[in-house]
Amino acid sequence: MGAGTSPDTGSPEETGATGSTAVSSEPSEAAAPRRSRRFSLTRDTARPEGGGRAAGGDAPAPARQWPLLAVLCTAGAGLLIVAADPFDEAFRVGTILIGIGLVLGAVLRVTVRSVGMLAVRSRFTDLVTYGLLGVLIVLLALVAQPGPWLDIPFLEDAVHFTVR
């Protein structure tokens, strides 16, 4: 081994201003991440808490994202029912199905460890967002006029008070 080479890699070490040899703390050019030419305010973005695959890498693509597909299929079925309007109260049933899809997303986000692309933010934020929007959509579908399925007594008084 020659002078100025590292015993573990065999590559020359960097020399400082004093001429002594020292190991560099900076990564080599080969290990350095490539920098983008686009302007960005953030240097790095952390992956969401559950942002990994929901199934192994050897599974086909749809199976790796089954939680997201379950939510999208439920909400899509609700949208299809609303758009097709195949029976009376289809609007209400389809809208309830959309809300149930969001509540399903909240339940999956809490119970399943790795939910794939269903994880957008932190677990708590996803739970609150999916759950609150889902419950509100279901409640609005239940009290929709004409002939609401859920009667909230003070709601009619509040509407009359604000509209006058």
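Residues numbered from 1 in each chain as written. Predicted model: local features only at pLDDT ≥ 70, side-chain atom pairs only at ≥ 80, totals over all residues. Heavy atoms only, no water.

Novice: Describe in detail the overall build of the chain, supporting the description with residues and values.
Specialist: A count of helices and strands for the chain gives five helices and two strands. Along the chain direction, N to C, the helices and strands of the chain fall in the order β-β-α-α-α-α-α. In the chain, which comprises 164 residues, the proportion classed as buried is 22%. As displayed, the chain has an accessible area near 12200 Å², and 63% of this comes from carbon and sulfur atoms. (Helix = DSSP H or I, 4+ residues; strand = E, 2+ residues; numbered from the N terminus. Buried < 20%, exposed > 50% of the residue type's maximum accessible area, 1.4 Å probe, protein only. Areas by Shrake-Rupley, 256 points an atom, 1.4 Å probe, with all protein chains shown as cover.)

Novice: Talk me through helix 2 (residues 66-84); I want residue IDs and the actual numbers.
Specialist: With 19 residues, helix 2 ought to run about 27 Å at 1.5 Å a step, and its terminal C-alpha atoms sit 26 Å apart, in line with that. Turning to helix 2, its buried residues are Pro67, Leu68, Val71, Thr74, Ala75 and Gly78. Projected onto a plane normal to the axis of helix 2, the buried residues spread over an arc of 140 degrees and lie on a single side. For helix 2, the exposed residues set more than 90 degrees away from the buried face come down to Cys73, Leu80, Ala83 and Ala84. Residues of helix 2 that are buried sit in contact with helix 3 (90-111). After helix 2 finishes, the residue aspartate 85 shows a positive phi value of roughly 50 degrees. (Expected span 1.5 Å × (residues − 1). Arc of directions from axis to C-beta. Contact = heavy atoms within 4.5 Å.)

Novice: Could you give an account of the packing of helix 2 against helix 3, with specific residues and numbers?
Specialist: Taken N-terminus to C-terminus, the directions of helix 2 and helix 3 make an angle of 170 degrees; their axes are 7 Å apart at the nearest point. By the criterion of interaxial angle, the relationship of helix 2 to helix 3 is roughly antiparallel. Contacts between helix 2 and helix 3 pair Trp66, Pro67, Ala70, Val71, Thr74, Ala75, Ala77, Gly78, Leu79, Ile81 and Val82 from the former with Ala90, Phe91, Gly94, Thr95, Leu97, Ile98, Gly101, Leu104, Gly105 and Leu108 from the latter. (Axes fitted to C-alpha atoms, helices over the stretch in contact; angles between N-to-C directions. Parallel < 35°, antiparallel > 145°, perpendicular 65-115°, else oblique.)

Novice: Talk me through the nonpolar core; I want residue IDs and the actual numbers.
Specialist: With nine residues, the main nonpolar core is built from Leu68, Val71, Ala106, Leu108, Val112, Val115, Leu118, Ala119 and Tyr130. Contributing elements (two or more residues each) for this core: helix 2 and helix 3. (Core = buried A, V, L, I, M, F, W, Y, C linked by side-chain atoms within 4.5 Å.)

Novice: Which residues make up the environment of alanine 90, and what values do they have?
Specialist: As for its position among the elements, alanine 90 is in helix 3. Taking the C-alpha atoms as reference points, alanine 90 and leucine 80, ten residues apart in sequence, are found 9.8 Å from one another. With near-sequence residues (within four places) excluded, alanine 90 lies in contact with Ile81, Val82 and Asp85.

Novice: For unusual backbone geometry, give the residues involved together with the corresponding values.
Specialist: The step from glutamine 145 to proline 146 runs through a cis peptide bond, and the omega angle for that step is -5 degrees. The phi dihedral of aspartate 85 is positive, around 50 degrees, even though this residue is not glycine. Position of aspartate 85 among the secondary structure elements: in the loop between helix 2 and helix 3. Positive phi outside glycine occurs at glutamate 89, with the angle close to 65 degrees. With respect to the element layout, glutamate 89 can be found in the loop between helix 2 and helix 3.

Novice: Tell me about helix 3, and please be specific about residues and values.
Specialist: Taking 1.5 Å of rise per residue, the 22 residues of helix 3 would be expected to cover 32 Å, and the 31 Å separating its terminal C-alpha atoms lies within 8% of that figure. Three or more residues of helix 3 are buried, namely Ala90, Arg92, Gly94, Thr95, Ile96, Ile98, Gly99, Gly101, Gly105, Ala106, Leu108 and Arg109. Each element contacted by the buried residues of helix 3 is listed here: helix 2 and helix 4 (123-142).

Novice: Quick one: what's the story with the packing of helix 3 against helix 4, residue by residue and with numbers?
Specialist: Describing two packed helices takes the angle between their axes plus the distance from one axis to the other. Running from N to C, helix 3 and helix 4 point in directions that differ by 160 degrees, and their axes come no closer than 8 Å. With respect to helix 4, the element helix 3 is oriented roughly antiparallel. Crossing geometry of helix 3 relative to helix 4 is assigned as left-handed. Between helix 3 and helix 4, the residues in contact are Arg92, Thr95, Ile96, Ile98, Gly99, Ile100, Leu102, Val103, Gly105, Ala106, Arg109 and Val110 and Arg123, Asp126, Leu127, Tyr130, Gly131, Leu133, Gly134, Val135, Ile137, Val138, Ala141 and Leu142, respectively. Tallied by class, residues from the contact of helix 3 with helix 4 come to 15 nonpolar, five polar and four charged. (Left-handed = near helix turned anticlockwise from the far one by under 90°. Nonpolar A, V, L, I, M, F, W, Y, C, P; charged D, E, K, R; others polar.)

That is the geometry; function is a separate question.
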